[in-house]
Amino acid sequence: MTVVVELKTVDDTREFGRKLAGALRAGDLLLLSGPLGAGKTALTQGIGVGLGVRGDITSPTFVIARVHRPDPARGGRVTLVHADAYRLGESVDPRAEIDDLDLDASVDEAVTVVEWGEGMVEQLVDAHLRVRIDRREDDTRVVTLEPVGGDWAQRLATLD
């Protein structure tokens, strides 16, 4: 079951991320793809709000990965690991660099969101969610959610 959602603004993208967070739990892996500026980080910001994590969520392009712990004052319930494999794609062996990030050490206890991670991190879990974001000329974002294994299809059905 593939879900396609059209979002008119960046704020709508963040709000959709907040809603999506309600269907997420520790051990989930989301692979975000789409062109630069499509809204991958904005979606992750919304996920962070929905999960109630600490700290501002910004693009991890230059630090590669950020860990946002739950904030009990915000109803936080699970850690968010936000990684960006964009720069890793330039290396000779990007999978080795992904291994160096040690994402497998936290994947069971956190929601892990990896921008540009397709082909590099799927092996971390048995099931994951592919999220493709495209931006039209009028700034509308088209978000395509594609579940891969597990119970993702049932959880996505709760997003209405």
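Quick caveat, the model's predicted, so the values are computed rather than measured.

Participant: Would you mind going over the packing of aromatic side chains with me for this structure?
Facilitator: Per the counting criterion, the structure on display carries 0 aromatic pairs. Stacked on the ring of W152, the Lys or Arg R155 has its end atom at 4.1 Å from the ring centre.

Participant: I'm lost on the nonpolar core in this one. Help?
Facilitator: Across soluble globular proteins, nonpolar side chains have a tendency to be buried as a group. Within the largest apolar cluster, 29 residues are counted, with the highest numbers of intra-cluster contacts made by L30, I47, V131 and L145. Looking at this core, the elements with two or more residues in it are β1 (3–7), α1 (10–21), β2 (29–33), α2 (40–51), β5 (110–115), β6 (128–135), β7 (141–148) and α5 (152–156). If we skip the residues at most four places from it in the chain, L145 touches M1, T2, V3, F16, L129, R130, V131, L156 and L159. Among the nonpolar cores identified, the runner-up in size contains 7 residues, and L31, A83, V114 and L124 belong to it.

Participant: I tried to follow α2 on my own but got confused; where do I start?
Facilitator: Owing to its 3.6 residues per turn, the α-helix aligns residues three or four sequence positions apart on the same side. With 12 residues, α2 extends 16 Å between its outermost C-alpha atoms, agreeing within 8% with the 16 Å of an ideal straight helix rising 1.5 Å per residue. Of all 12 residues in α2, 9 are buried; the element is thus mostly enclosed. Where α2 ends, the next residue or the one after it, G52, has phi of about 70°, a positive value.

Participant: Whenever I open this one, the environment of H68 confuses me. Can you help?
Facilitator: Position of H68 relative to the elements: it lies in strand β3 (residues 65–68). Excluding anything up to four places from it in sequence, H68 contacts V53, R54, G55, D56, I57, T79 and L80. Only 3.0 Å separates the side chain of H68 from the backbone oxygen of R54, close enough to count as a polar contact.

Participant: Explain the environment of R132 to me, please; I cannot follow it from the model alone.
Facilitator: For R132, the position within the fold is in strand β6. Of the residues examined, R132 reaches a relative accessible area of 35% and is grouped as partly exposed. Placed 92 residues apart in sequence, R132 and K40 show a C-alpha to C-alpha distance of 8.6 Å. When residues no more than four places from it in sequence are discounted, the contact partners of R132 are S33, G34, P35, V142, V143 and T144.

Cut-offs and rules
- Along each chain, residue indices are assigned from 1 in the same order as the chain's sequence is written.
- Only residues with pLDDT of at least 70 get local features here, since the model is predicted, and only at 80 or more are side-chain atom pairs given and counted; chain-wide, interface and lining totals rely on the full set of residues.
- Side-chain calculation: all heavy atoms of the structure are included, whereas hydrogens and water are not.
- Paired rings are identified among Phe, Tyr and Trp, the last through its six-membered ring, by centres lying within 6.5 Å, and are further divided according to the angle between planes into stacked (under 30 degrees), edge-to-face (over 60) and tilted (the rest).
- Look at NZ for Lys and CZ for Arg. If either is within 6 Å of the ring centre and within 35 degrees of the ring normal, a charge sits over the ring.
- Throughout this description, the term nonpolar core refers to a set of buried Ala, Val, Leu, Ile, Met, Phe, Trp, Tyr and Cys residues connected via side-chain atoms within 4.5 Å.
- With a 1.4 Å probe rolled over the protein chains alone, any residue whose accessible area is under 20% of its type maximum counts as buried; one over 50% counts as exposed, and the rest are partly exposed.
- A run of H or I in DSSP becomes a helix once it reaches four residues, and a run of E becomes a strand once it reaches two; helices and strands are each numbered from the N terminus.
- Whether two residues are in contact is decided by their heavy atoms: any pair within 4.5 Å suffices.
- For a helix, the expected span equals 1.5 Å multiplied by the number of residues minus one.
- Residues adjacent in sequence count toward polar contacts only when both atoms are side-chain atoms; beyond that, a polar contact is any pair of N or O atoms within 3.5 Å, and within protein one must be able to donate a hydrogen and the other to accept it.

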